[in-house]
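Descriptive analysis of the structure
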Amino acid sequence: MEAVQAQVLSHYRSELVERIRAQGGVLSADSLTIKLAKEFGFCYGVERAIDLAYAARKSFPAEKPIYLLGEIIHNPEVNDQIRNLGIKTIPNKPTDAELNQLQREDVVIIPAFGTEVATRRKLEEKGCVLVDTTCGDVMSVWKRVRQYSKEAVTSIIHGKAKHEETKATTSQATAYGTGHYLVVYNLDETDYVCDYILSGGDKAEFLAKFRGAFSPGFDPDVHLHAVGVANQTTMLRGETEEVQRRLKAVMLRKYGESEIDRHFRFFDTICGATQDRQDALQKLLAQPLDLLIVIGGYNSSNTSHLAEMGEAKLPTYFIKNAAKMESEKMIRHYNQHRREEVETKSWLPAGKITVGITAGASCPNNLIEDTIRRLFELRGISVQQLLAS
Ligand code: SF4
């Protein structure tokens with residue numbers, strides 16, 4: 001990994017971002033001030049995954065094919081770079097036909113958010129060489145969920161049921177016996193589950209509502225007597241705390257204080273990097289800003305939560321790269337509620353403005369630099385001259 005670090009840095013580093021960071025995260029000229037959140041961009045898990053992918057390419061002979069399960073992280077530019085190294089992408093959950101095309105000793109990279117137990121087993125049976133970049137923080141969630149399963153406690157996972165990390169986590173709940181899980185996405189879903197625990201309800205409706213988000217054979221009348229909360233590592237901290245608080249409150253009402261340990265468990269599995277980025281954004285949002293730019297892949301969970309935090313306070317634009325800021329009059333940005341890119345006109349107000357900037361844990365600094373340069377360019381200011389002066 002050490003041997004590839006210079007190459008990795010050359011692809012993703014930004015001297016400009018480091019310089020702005022060193023001077024307090026602020027850059028100002030004429031009518032435009034940009035303020036960076038104190039923590040943003042690549043986290044330790046992402047850095048490690050990328051280093052391992054580059055190291056794998058360097059370690060194995062050039063003619064040996066290397067495959068990657070899905071995306072190494074949720075950032076299109078980084079995934080393009082990985083493909084440029086000659087690493088081929090196969091689906092995150094390959095079918096048997098796709099697996100059959102792999103040969104014994106082919107190298108397969110497991111991404112930072114891990115893979116499902118069954119996929120891993122099949123790759124091992126096939127004799128593939130695995131380069132496992134799963135983040136340690138994701139593995140901590142797996143450990144917790146396996147523990148719940150062993151104790152016949154149903155895992156209630158606060159997360160996105162279709163996200164690779166949550167799929168990998170749910171597979172851990174059922175891999176070693178008869179464990180069960182249910183994924184809840186938000187507080188409305190949590191309240192629905194709480195009502196069901198307390199008062200029962202329409203089982204068919206319950207199962208239809210959570211289709212695709214519970215374990216095979218899950219029965220809400222049977223498997224909600226003892227629950228343990230875990231979460232996708234990149235959810236909003238405040239929301240995850242509220243999910244566990246509401247579930248605990250309902251279990252206390254139903255079973256009482258003396259029985260609570262038999263019916264409710266909780267373990268905080270939000271990762272440190274997600275937490276740091278959310279805390280830093282909260283501090284940035286406490287300052288006077290005119291708008292916020294959030295940079296990152298549109299399928300990145302932690303980035304979408306940063307955008308959500310911004311949206312609650314001020315005009316927020318979630319973009320995957322600087323090219324989305326087409327002009328002062330037009331920006332194309334991701335609307336996560338509609339799950340599509342939308343256009344906003346006259347998004348950059350005239351006159352003196354302060355723009356906040358943050359980026360998800362899968363966003364490299366060079367994309368943040370492009371964004372900063374583009375913002376100043378739209379105001380007719382060259383960052384080069386600005387830094388020289
Ligand atoms: S966001 Fe957290 S869990 Fe995900 S790779 Fe980074 S450090 Fe690991």
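Residues numbered from 1 in each chain as written. Predicted model: local features only at pLDDT ≥ 70, side-chain atom pairs only at ≥ 80, totals over all residues. Heavy atoms only, no water.

Here's the deal with the pattern of salt bridges
Once their charged atoms are close, side chains differing in charge can pair, the charge on each being opposite to the other. How we decide: Within this document, salt bridges are pairs made up of a side-chain nitrogen of Lys or Arg and a carboxyl oxygen of Asp or Glu, the two lying within 4 Å of each other. Runs of E in the DSSP output that reach at least two residues are strands. Runs of H or I that reach at least four are helices, and both are numbered from the N terminus. In this scheme, a residue with accessible area under 20% of its type's maximum is buried, one over 50% is exposed, and one in between is partly exposed, where area comes from a 1.4 Å probe on protein chains only.
Here the structure, examined in full by the defined rule, presents 21 salt bridges. The closest approach of N and O atoms between R246 and D191, which form a salt bridge, is 2.9 Å. Separated by 55 residues along the polypeptide, R246 in helix 11 (residues 237-255) and D191 in helix 9 (residues 187-199) bring together distant segments of the chain. Using a relative accessible area of 23% as the deciding quantity, one classes R246 as partly exposed. For E377, the salt bridge goes to R374, with nearest N and O atoms at 2.5 Å. With E377 and R374 both in helix 15 (residues 365-378) and 3 residues apart, this pair spans about one turn of that helix. One network of salt bridges, in which partners are shared, links D191, E242, R245 and R246.

Details of helix 15
Going by this rule: Any helix carries an expected span of 1.5 Å times its number of residues minus one.
Compared with an ideal rise of 1.5 Å per residue, which puts 14 residues at 20 Å, helix 15 spans 20 Å between its outermost C-alpha atoms and is within 8% of the ideal. Turning to helix 15, its buried residues are N365, L367, I368, E369, T371, I372, R374, L375, F376 and L378. Positive phi shows up at G380, right after helix 15, with a value of about 75°.

Details of the pairing of strand 5 (residues 107-110)
As a general feature of sheets, a regular strand has side chains that alternate between the two faces. Selection rule: Only strands joined by at least two bridges in the DSSP assignment are considered to pair. The handedness rule is simple: strands pointing away from the viewer, and a clockwise path from the first strand over the helix to the second, make the crossover right-handed.
Side chains V107 and I109 project from strand 5 onto one buried face, and the interleaved V108 and I110 project onto a second face that is buried too. With 3 bridges connecting them, strand 3 (residues 66-69) and strand 5 associate as parallel partners. Along strand 5, the bridge assignment pairs I66 with V107. What joins strand 5 to strand 6 (residues 129-132) is helix 6 (residues 117-126), and the crossover it makes is right-handed.

Comments concerning the site of the ligand
The criterion, for reference: We define proximity as follows: a residue is near a molecule or strand when any one of its heavy atoms falls within 4 Å of that partner. Side-chain classes follow a simple rule in which Ala, Val, Leu, Ile, Met, Phe, Trp, Tyr, Cys and Pro form the nonpolar group, Asp, Glu, Lys and Arg form the charged group, and the remainder, Gly included, forms the polar group.
Surrounding the ligand, one finds C43, Y44, G45, V46, C135, D137, V138, T233, T234, C271, A273 and T274. It is helix 3 (residues 44-59) that provides the largest number of residues to the shell around the ligand, a total of 3 residues. Residues that form the shell around the ligand fall into these classes: 7 nonpolar, 4 polar and 1 charged.

Remarks on unusual backbone geometry
Leaving glycine aside, a negative phi is the common case for residues, and trans is the common case for peptide bonds. Even without glycine at this site, D30 takes up a positive phi of about 45°. According to the relative accessible area criterion, D30 is exposed, its value standing at 66%. Within the chain, R339 stands out as a residue other than glycine whose phi angle is a positive 55°. The topology assignment puts R339 in the loop between strand 14 (330-335) and strand 15 (340-345). When its relative accessible area of 67% is taken as the criterion, R339 is described as exposed.

Considerations on the sheet that holds strand 9 (residues 227-231)
Which entries qualify depends on this criterion: In this analysis, axes come from line fits to C-alpha atoms, helices being fitted only over the stretch in contact, and the angle between any two N-to-C directions falls in the range 0 to 180 degrees.
Read across the sheet, 4 strands follow the order 8-7-9-10 without closing on themselves; strand pairing throughout is parallel. Only two strands of the sheet have a single partner each, and these edge strands are strand 8 (181-184) and strand 10 (264-266). If you compare each strand with its neighbour and ignore which way they point, the axes differ by 25° on average. As paired strands, strand 7 (residues 154-158) and strand 8 are joined by 4 bridges and run parallel to one another.

Considering the packing of aromatic side chains
Convention followed: Ring pairs shown here join Phe, Tyr and Trp side chains whose ring centres sit within 6.5 Å, with only the six-membered ring taken for Trp; geometry is labelled stacked below 30 degrees between planes, edge-to-face above 60, and tilted in between.
Within this structure, the stated rule accounts for 12 aromatic pairs. With a centroid separation of 4.9 Å and an interplanar angle of 40°, the aromatic rings of F206 and F210 are classed as tilted. As far as burial versus exposure is concerned, F206 and F210 are alike and both buried. Ring centres of Y298 and F318 lie 5.4 Å apart, and the angle between their planes is 85°; this geometry places the pair in the edge-to-face category. Residue Y298 is found in the loop between strand 11 (291-295) and helix 14 (301-311), and its partner F318 is found in strand 12 (residues 316-319); the two are separated by 20 residues along the sequence. Each member of the pair, Y298 as well as F318, is classed as buried. One aromatic cluster in this structure is built from Y192, Y196, F206, F210, F214 and F218.

Looking at the sheet that holds strand 13 (residues 325-327)
Each strand in a sheet pairs with its neighbour through backbone hydrogen bonds, running either in the same direction (parallel) or in the opposite one (antiparallel). Reading across from one edge, 13-14-15 is the order of the 3 strands in this open sheet, with antiparallel pairing throughout. Looking at which strands have only one partner, the edges of the open sheet turn out to be strand 13 and strand 15. Adjacent strand axes in the sheet meet at a mean angle of 30°, parallel and antiparallel pairs treated alike. Taken together, the 6 bridges between strand 14 and strand 15 define a ladder with antiparallel strand orientation. When the bridges of strand 15 are listed, M330 appears paired with K345.

Describing the pairing of strand 2 (residues 32-36)
Where burial is concerned, most of strand 2 is hidden: 5 out of the 5 residues are buried. Alternating residues of strand 2 divide into L32, I34 and L36 and T33 and K35, and every residue in both groups is buried. When strand 1 (residues 26-29) meets strand 2, the two strands line up antiparallel, connected through 4 bridges. Each bridged residue has a counterpart across the sheet, and for L27 the counterpart in strand 2 is I34. Looking at chain direction, strand 2 and strand 16 (residues 353-359) are connected through 5 bridges and run parallel. Paired with I34 across the strands is V355, a residue of strand 16.

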